[in-house]
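Residue-level structural notes
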Amino acid sequence: MGTLVGVGCSLHKNPVYAGKEAALQALQQGGITKPDFVFVFATVGYNQQLLIQTIRDTTSGAPLSGCSGEGVITQGMAAETNFGVCVMAIASDELRFANVRVKGMGLQAGLAGERLAAEVRPLLAKDAIACFLFVDGLVFDFDPFRKAFEESLGHETPLPLFGGLAADNWATRKTFQYHDDQIFSEGISCVLMSGSGRVAWGVNHGCVPIGTRRTITRSKGNIIYEIDGMPALEALKDYVENGSESQWNKLTLNLCLGFKTPEHIKKDYGEFLVRYMMDKDDREGYVTIQSDVTDGTELWILRRDKDLIREGLQAVSRQIRGKLGNHKPKFVLQFECMGRGKVVFREEEKIELLRSLQEDIGSDLPWIGFYSYGEIGPIASYSCIHNFTAVVAAIY
Amino acid sequence: MKGDDPTTSRVPVKELSIDMLLREKEELSRQVKRLIKAEGKLYDYQQELDVQLKEYKELYELNRRLSGTFDIENIFRETVTYVVQHLEYERAVFLRRSEASQSYLACALDGYYDPAEVGLVAELEIAHDTPCLSPLSAGAEYLICTADSHLQALVELRARLLLNEYLIYPLGSHSYPHALLVVGNSADNAVFHRRVTESRGSLLSMGNLAGLVSSLIANQILLEKRERAREEAKRAEEKYRQLSEVLEQRVREAVDELRQKDKIMILQGRQAVMGEMLSNIAHQWRQPLNMVALLVQDLQMTSKMQGLSEAFIDSTVKRTLEVISQMSKTIDDFRYFFRPDKEKVEFPVAEIIEKTLSLLQGSFNIHGIRTEVAQTGHPVINGYPTEFVQVLLNILINARDALTANHTLHPLVSIKLFTEGGKTVVSISDNAGGVPEEIRDKIFEPYFTTKGPEQGTGIGLFMCKTIIEKNMQGVLTVRNVGDGAEFRIEI
């Protein structure tokens, strides 16, 4: 049999109709009667319970993992709407998928890493390939999570981590993670992929600095209180219209923070690690990012650059094709920052960029993805979290 | 010179340069910040533009789909689907005006996915005179109930529509809208949908849709009215056609009935005349029969008294045969009178007049009535000779009866035959005093008689008029001339 994969999607507003339509398309496209595993990405307008239940019913109760995104991506389609769902159904005797989850993560990312490792450890086999993580993007702090996860897992070489941070279309109320019949928030949905297969991936952002070096003068964990001795929000206010008081989520899409890339991954990633400011506090004037910083860390204010994004996607394609060699991917997962979608590109431009990438890697490949609040993908052998980045993983 | 000292002039230049560079840096920094702000705005506008373009494209597609439909229910269905699938409102309901219940009834809905909610909204009925709708009658373009509205009339509808915020658009005539389009969101899900606000962009989208659908519905209603009018006209035409057919049938039946009656009357008239003829024949045969009887008796007596000579026998036989021949002619005339006419033929009128007079000769002789016939040329008539005889007999018998009844001293019947204006004219006049003025207009009506029930049937002259005018396309008139009446036949 090898690996059969099919993808379906629906933009219908009725969750039952949409779930059924997407799932049936996936089964039909893959020629699959009963899938071994199902990936689902959907947006937050739906009644999530009805949606997932319908997909589960339609896919014969196959194990299911996924999360909510700001939009969904398939071949030739990138819909950033509150009502979109895409389903990937997989039946394979080459690859195995085991899914686990951690609920109630809260702000204790390190503990969540330990708990997840405890869930994954019994499933680990020698042929483990990678972990796919779908994590609540509103509460996640990647660095302590990764550290705890990798240490607790005790795998001789760290498992490459891919995935995205669940989004809720800037509502910043609640994101959703899917694990079989369960829909939850503040958690992690994890898929361990094992078997005969490999991952070819590419990671790239498209941001450039727009000022001189700044320095973090007061911070704690992933919270930056002061920059150059002034409240962080004060340091940023001149770059945003009407100050920082309204539409924070959209305003911060135009700006991001860049940190010097650690030397061990600089060659593969470039000069700056990009961070999205996922939260702020007007009273104390601080901002929150998705990884930890320390006082004295240098930072630059960055902006998105459309040309760099274009070039970056070409670089992603080159990275993947270079790793694939003559192999054809069985399927592709794409985790795209929501800041690289409709907020920066015209609809036609966006689709054209996506098509260009898909044509480079394979326009006939089962392809699924979502617009995220943060992207997870390894640089060299180090799993990292990214912002304003595209992480594309081709499984072959 | 102090000013030429390079050490003293170099320091200020360097300071100046640093100062300039700092100023330029600050200026550049300001410019970059402005550019970043502008870029942010540009992206926002770009996004708005994309949304608007998408909306216009989808609205165009909707218009194209709906313009081709002649199904108003389909317009309702497509519209609510469009509102939910493309305009991003959570829910939409179409309510159609019902004259019977004086209210608006839900006829299409979308975005309600809970079967219980579907059931509730599908049964929704809003009375025409619901207070919250009154602004629409007064010309308001829409009604709006936002999430923070407190207007009692609008708030009350929330529970019925299952919408926390909503817009109501009238479609069709504003004073009495044909339908209402309600769009909006529930409280739980509003955040994921287009919010109901007074914002220009939001209202523009709905305004465009409402305008399009309103005009489609108006057109549809007009078409339906035209179609109904056409159907009604068709039905009326069909009814008229059926009535005409019934009427024509009745006319045909009435005409047939009349013709049948005419035939019966003509037959009755003929039978009446035949009775008269039989009386004449009897009278005309009495004298020759007497003659034959005398001749036979004479033969017997002569044989007894002196024997029969051959010459006497021959003479007696000859005279007897002459009498019998006369009697036979009378029979022939009588048979001619009763021969049925099957088709029109051209006949010499003088011959018919002569035969008719011969039929009545006996009767006229009894009453001492003299007849005169004045003929100019040899006029002919194309018609039915037997029926023509019947007409002449009737007029002549009437003249005889009048002359007898009036005890006219020198009774006379004058017949003139001539041609006038290309037509054959037969005038029959008497000197019996004429037709009284007061009955002249009635004498051709059926069942009108002056003879009393024992003698007259009242159909004689009516039958004459029918024969001359209907069967032979001529004219029969009467007038008083001199001391009697004149019947004039023109054919």
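See the structure above.
Throughout what follows, the structure given in this document is the object of discussion. (Residues numbered from 1 in each chain as written. Chains lettered and ligands numbered in written order. Predicted model: local features only at pLDDT ≥ 70, side-chain atom pairs only at ≥ 80, totals over all residues. Heavy atoms only, no water.)

1. What about the overall build of chain A?
Inclusion rule: Working definition: helices are DSSP H or I runs of at least four residues, strands are E runs of at least two. Numbering for both runs from the N terminus. With a 1.4 Å probe rolled over the protein chains alone, any residue whose accessible area is under 20% of its type maximum counts as buried; one over 50% counts as exposed, and the rest are partly exposed. Only heavy atoms enter the contact rule, under which two residues are in contact if any of them lie within 4.5 Å. For the area figures, the Shrake-Rupley method with a 1.4 Å probe applies, and any residue is considered shielded solely by the protein chains shown.
Of the regular secondary structure elements, chain A holds nine helices and 27 strands. A burial count over chain A gives 64% of its 396 residues as buried. Counting only contacts in chain A whose residues sit at least 6 apart along the sequence, the fraction spanning at least 24 positions is 82%. As displayed, chain A has an accessible area near 14200 Å², and 46% of this comes from carbon and sulfur atoms.

2. With respect to the pattern of salt bridges
All names here are of chain A. Operational definition: The salt bridge definition used is simple: a Lys or Arg side-chain nitrogen within 4 Å of an Asp or Glu carboxyl oxygen.
On inspection of all chains with the given rule, the structure shows 48 salt bridges over all chains. Of the charged contacts in the structure, one is a salt bridge between E263 and K266, with a shortest N-O distance of 3.7 Å. Here E263 pairs with K266, and both are found in helix α7 (residues 263–269), just three residues apart, close to one helical turn. By relative accessible area, which is 64% here, E263 ends up exposed.

3. Digging into the packing of aromatic side chains
Given two aromatic rings, one states the distance between the centres and the angle between the planes to describe the pair. Residues and elements named next belong to chain A. Heads up, the condition is: Stacked, tilted and edge-to-face are the three classes applied to pairs of Phe, Tyr and Trp rings, where Trp contributes its six-membered ring and a pair requires centres within 6.5 Å; stacked means planes under 30 degrees apart, edge-to-face means over 60, and tilted covers the rest.
Tallied over the entire structure, the rule returns 26 aromatic pairs over all chains. Ring centres of F97 and F331 lie 6.3 Å apart, and the angle between their planes is 45°; this geometry places the pair in the tilted category. In this pair, F97 is assigned in strand β7 (residues 95–102) and F331 in strand β23 (residues 331–337), connecting sequence segments 234 residues apart. Here the aromatic rings of F140 and F142 are separated by 6.0 Å at their centres, their planes lie at 75°, and the arrangement is edge-to-face. Taking relative accessible area as the criterion, F142 reaches 0% and is therefore assigned buried.

4. Regarding empty space enclosed by the protein
Residue and element names in this part refer to chain A. Under the convention used in this document: Cavity: a set of points on a 1 Å grid over the protein atoms alone where a 1.4 Å probe fits but cannot get out. Pocket: an open set with protein on both sides within 12 Å along at least five of seven lines, its lining residues, like those of a cavity, having an atom within 4 Å of a point. Grid points are joined across faces, edges and corners, and a volume is the space filled by probe spheres set on the points. Here the term charged refers only to Asp, Glu, Lys and Arg, the term nonpolar to Ala, Val, Leu, Ile, Met, Phe, Trp, Tyr, Cys and Pro, and the term polar to all other amino acids, Gly among them.
In total, this model carries four cavities of 30 Å³ or more according to the counting rule given. Volume-wise, the largest cavity comes out at about 110 Å³. Where the lining of the largest cavity is concerned, the elements lending two or more residues are α8 (306–324), β23 and α9 (347–361). Classifying every residue of the lining of the largest cavity by side-chain character gives eight nonpolar, one polar and three charged.

5. Some remarks on the pairing of strand β13 (residues 484–490) of chain B
All names here are of chain B. Filter applied, for reference: Strands were regarded as paired on the criterion that DSSP finds at least two bridges between them.
Here β13 lies mainly inside the structure; six of its seven residues are buried. As paired elements, strand β11 (residues 423–430) and β13 share five bridges and run antiparallel to each other. Following the sheet pairing, V426 is matched in β13 by I489. For strand β12 (residues 475–481) and β13, the ladder comprises seven bridges, and the chain directions are antiparallel. Of the residues in β13, the one forming a bridge with T477 is R488. From the end of β12 to the start of β13, which pair antiparallel, there are two residues, and G482 there has a positive phi angle of about 55°.

6. Description of the interface of chain B and chain A
The condition that has to hold: Note: buried area is the sum, over both parts, of the accessible area (probe 1.4 Å) each one loses when the two are combined. Polar contact is the term for a pair of N or O atoms within 3.5 Å; when the atoms are in protein, one must be able to donate a hydrogen and the other to accept it, and sequence-neighboring residues count only if both atoms are side-chain atoms.
Each side of the interface is counted separately: chain B has 22 residues, and chain A has 31 residues. Both faces combined, the contact of chain B with chain A buries some 2500 Å², and carbon together with sulfur accounts for 52% of it. The largest contributions to the chain B side of the interface with chain A come from B:Y43, B:Q47 and B:F192, which together make up 26% of the buried area. Summed over the shared surface of chain B and chain A, the result is three salt bridges. Where A:K13 meets B:E88, a salt bridge forms, and the shortest distance between an N and an O atom there is 3.7 Å. Summed over the shared surface of chain B and chain A, the number is eight residue pairs in polar contact (both at pLDDT 80 or more). Broken down by secondary-structure element, the contributors of at least two residues to the side of chain B that touches chain A are α1 (6–67) and α2 (72–85) of chain B. Examining the composition of the side of chain B that touches chain A, we find that 14 residues originate from one element, α1(B), more than from any other.

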